[in-house]
Amino acid sequence: MQVQAGNLLQSLNYPSDLKQLKVEQLKQVCQELRQYIIDVVSVNGGHFAASLGVVELTVALQYVLNTPYDQLVWDVGHQAYGHKILTGRRETFHTNRIYKGLSGFPKRPESEYDTFGVGHSSTSISAALGMAVASQYKGETDRQHVAVIGDGAMTAGMAFEAMNHAGIENSNLLVILNDNNMSIDPNVGALKEYLTDITTSKPYNRFRDDIAHVLAKISAIGPDAYKMAQKIEKSIKGTLLKKSNLFEALKFRYFGPIDGHDVEHLVRVLSDLRDIPGPKLLHCITVKGKGYVLAEKDQTKWHAPGLFDKITGEIKKTKHDKPQPPKYQDVFGHTIIELAEQNPKIMGITPAMPSGCSLNLMMKAMPNRAFDVGIAEQHAVTFSAGLATQGLIPFCNIYSSFMQRAYDQVIHDVAIQNLNVVFCLDRAGIAGADGPTHHGAYDLAYMRCIPNMTVSAPMNEEELRNLMFTAQQDDMGPFVIRYPRGNGVMVDWQRPLKAIKVGKGRKICDGDDVAVLTIGHIGNEVVKAMSELNTEGYYPAHYDLRFVKPLDEALLHEVFKKFSKVITVEDGCLEGGMGSAVLEFMADKNYHAQVVRLGIPDRFIEHGDQPELWAECGYDAASIAAQVKLLGIQQNKHIIAS
């Protein structure tokens, strides 16, 4: 359904059109832009509250900056819906996050206005600093470089690494801190408390309103006057805040906090900051979900609500006549509480995703045993390692694609020391509409090559529970359990917990001609394929490996002694994954068979629904059935010819 934009917004195809308006007209632009985002997302889905919170900031930036010559980096990318709409993509915005449509995040191949791909958080300052240094090197001294960082992204260590470097570079860099006190869930940590202290200091807030304007004017007089003004301002700031300013200590000029929803004031401040040299930070206070009352009241719920009625606020859920299987994340959330009630050593850790991974259930039930450490995956892993050295058993729940950010810590801090940290990798495999930045394509490959590591994947909810139970037994060492986004396959999933022998797979069904080996949830696509195959006279065997490390060698000996045609299926990358492990076994044991590997090919897979992308990659039920038929026909022809 095509949504109609407001009268002013209809005329704005690019920022150059926006610049033709008077400043007084920008309020109407903001109203229409906010309403357009509400209208489109309510019927098409996507991230919601974050972009509503930066509407005024988006309009002001595009009004003041000369984009795309001036470089604007959004962090994190789900704040950038307004940016996309104002930079030539309004007419196609209804395809946002839909298969073959616009990406849900800024993406360089999509538009010259998307200066940097930002699906993961906390990269903007590093990227913008690199751009600023490059411009300085090339003599482009008039070029602006702006990093908009918010929605929890400032809680990651990488942001501070970048600021530590930026402070010593005399580059033209402006960092805008979009301070909404939120990521997906409320922000945590000392930085949040520090920013709250700044925003509630009434004397300082009375003083800071005109400081940017004054400094910009003084800078035109000369460097000596400007340096004197800086010293005076720094002295007053220190007195009013009664503490050192963190950003000033990193050699950033600090301005703010200012109201991030006053578009005219934002335009004035941004215009002034454009004329102030060196690294600067503008602290903007915004409300996530601004302009949609329900989103303002429950910002976590409305981060990405799916389809909803924009009038009533009713979030549209598919209604079923029968009970449905739960989401894997909820199975994890309930099971870890069940295990923790039995085992006082168990702790829960997540880097800023308590709702997404359902650790929020444990945080509520056992607040002293569950920790949200902020968007800090590296810290989450090493913090877990520290807990493990003291005899505790941390369940460190990190999305598969985010775990890539902590790979060195997995090796150096956990695996080398052989610590019993349980890594629960949510969103493993194809993740859906978030696209290539969020697909958990590589975990089987990058985890199975690490010594001391156990790497597993459950085919259903019961298996997830049993693997979690197994992982907290004595002397298990580093233990990976990976599972996908979305629902499982079992309505009756809360069955008694039992241990699984590490490295032990299982035979789902016996068969002839062809053996299909799977790992994880994608094995259910083989189960679906069986119904078609059996009716057409094909009876392949199906084995669920459960573990890619250690492999069930007894099971693989059985397979290669009986079958000369083998298909491996995995919801992960083909290079180095489960299929590669099977080929290595075959070569090492001197077996000879035709092995066809199905999985994610050696390219980045774009966004879409999971079934659409499984089909594109060739390992949905239909593709699996077709491959079995192909091998079966070849086998039959060989028998007839002989």
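Residues numbered from 1 in each chain as written. Predicted model: local features only at pLDDT ≥ 70, side-chain atom pairs only at ≥ 80, totals over all residues. Heavy atoms only, no water.

## Regarding helix α3 (residues 26-44)
- Taking 1.5 Å of rise per residue, the 19 residues of α3 would be expected to cover 27 Å, and the 26 Å separating its terminal C-alpha atoms lies within 8% of that figure.
- Phi turns positive, to about 85 degrees, at G45, one or two residues after α3. (Helix = DSSP H or I, 4+ residues; strand = E, 2+ residues; numbered from the N terminus. Expected span 1.5 Å × (residues − 1).)

## Considering the nonpolar core
- Counting 81 residues, the largest nonpolar core has F395, M403, F423 and M447 as the members making the most contacts within it.
- Beyond its immediate sequence surroundings of up to four residues, M447 is in contact with M403, V410, L425, M453, V455 and V480.
- Ranked by size, the runner-up nonpolar core spans 56 residues in total, among them V3, F255, V269 and Y292. (Core = buried A, V, L, I, M, F, W, Y, C linked by side-chain atoms within 4.5 Å. Buried < 20%, exposed > 50% of the residue type's maximum accessible area, 1.4 Å probe, protein only. Contact = heavy atoms within 4.5 Å.)

## Thoughts on the packing of α3 against helix α5 (residues 55-64)
- Put simply, α3 and α5 touch, their axes get as near as 9 Å, and they point 125 degrees apart. Classified by the interaxial angle, the pair formed by α3 and α5 is oblique. Handedness of the α3/α5 crossing: right-handed. Residue-level contacts link L26, V29, C30, L33, R34 and I37 of α3 to V55, E56, V59 and Y63 of α5.
- Each residue belonging to the contact of α3 with α5 can be placed in one class, and the counts come to 8 nonpolar, no polar and 2 charged. (Axes fitted to C-alpha atoms, helices over the stretch in contact; angles between N-to-C directions. Parallel < 35°, antiparallel > 145°, perpendicular 65-115°, else oblique. Left-handed = near helix turned anticlockwise from the far one by under 90°. Nonpolar A, V, L, I, M, F, W, Y, C, P; charged D, E, K, R; others polar.)

## Some thoughts on helix α8 (residues 157-166)
- Of the residues making up α8, those classed as buried are A159, A162, M163 and A166. Summarising the axial view, the buried residues of α8 lie within an arc of 100 degrees, below the 170-degree limit, and thus occupy one face. Seen from the buried face of α8, the exposed residues on the opposite side, beyond 90 degrees, are E161 and N164. (Arc of directions from axis to C-beta.)

## A look at the sheet that holds strand β14 (residues 541-544)
- Pairing within the open sheet is mixed, and its 5 strands lie in the order β12-β14-β13-β16-β17. Sheet topology places β12 (506-509) and β17 (594-600) at the edges, where each strand pairs with a single neighbour. Neighbouring strand axes in the sheet, compared pairwise and without regard to direction, differ in orientation by 25 degrees on average.
- Across 6 bridges, the pairing between strand β16 (residues 565-573) and β17 is parallel. Looking at β17, one finds that V569 is bridged to L598.
- Helix α24 (residues 523-535) rests against β12, β13 (514-518), β14 and β16 of the sheet, and its axis sits at about 165 degrees to β14. (Pairing = 2+ DSSP bridges.)

## Focus on the pairing of β14
- Residues of β14 alternate between two faces, with A541 and Y543 on one and H542 and D544 on the opposite face, all of them buried.
- Judged from the 3 bridges that link them, β12 and β14 form a sheet pairing that is antiparallel. Note that in β14 the partner of K507 across the bridge is Y543.
- Judged from the 4 bridges that link them, β13 and β14 form a sheet pairing that is parallel. Bridge pairing in β14 places A515 opposite A541.
- Handedness of the crossover joining β13 and β14 through α24 is recorded here as right-handed. (Right-handed = clockwise from strand over helix to strand, strands pointing away.)

## What to know about the pattern of salt bridges
- Evaluated as defined, the whole model comprises 29 salt bridges.
- Two residues, K562 and D510, come together in a salt bridge whose shortest N-O distance is 2.9 Å. Taken together, the residues K562 in helix α25 (residues 553-562) and D510 in the loop between β12 and β13 connect sequence positions 52 residues apart.
- Residues joined by salt bridges that share partners form a network here, namely K84, R89, E110 and D114. (Salt bridge = Lys/Arg side-chain N within 4 Å of Asp/Glu carboxyl O.)

## Some details on the packing of aromatic side chains
- Evaluation of the coordinates by the stated rule reveals 17 aromatic pairs.
- Relative to W302, the ring of F48 has its centre 5.9 Å away and its plane inclined at 50 degrees; by these criteria the two rings are tilted. Of this pair, F48 sits in the loop between α3 and α4 (49-53) while W302 is found in the loop between α15 (293-297) and α16 (328-342), placing the two residues 254 residues apart along the sequence.
- Judged by relative accessible area, F48 falls into the buried class, the value being 0%.
- Looking at W302, the relative accessible area reads 2%, which means it is buried.
- The rings of F48, Y292, W302 and F308 are connected pair by pair, giving a single aromatic cluster.
- Positioned over the ring face of Y69 is R143, at 4.7 Å from the centre of the ring. (Phe/Tyr/Trp six-rings, centres within 6.5 Å; stacked < 30°, edge-to-face > 60°. Lys NZ or Arg CZ within 6 Å of the ring centre and 35° of its normal.)

## A few points about the confidence of the model for the protein chain
- Chain-level statistics for the protein chain give a pLDDT mean of 90 and a share of 88% at 70 or above.
- Ignoring residues within four places in sequence, the model shows residues 200-207, a span with pLDDT below 50, making 18 contacts including any to other chains.
- Note that residues 634-642 has pLDDT below 50 and, in this model, 6 contacts with residues that lie over four places away or in other chains. (pLDDT = per-residue confidence, 0-100.)

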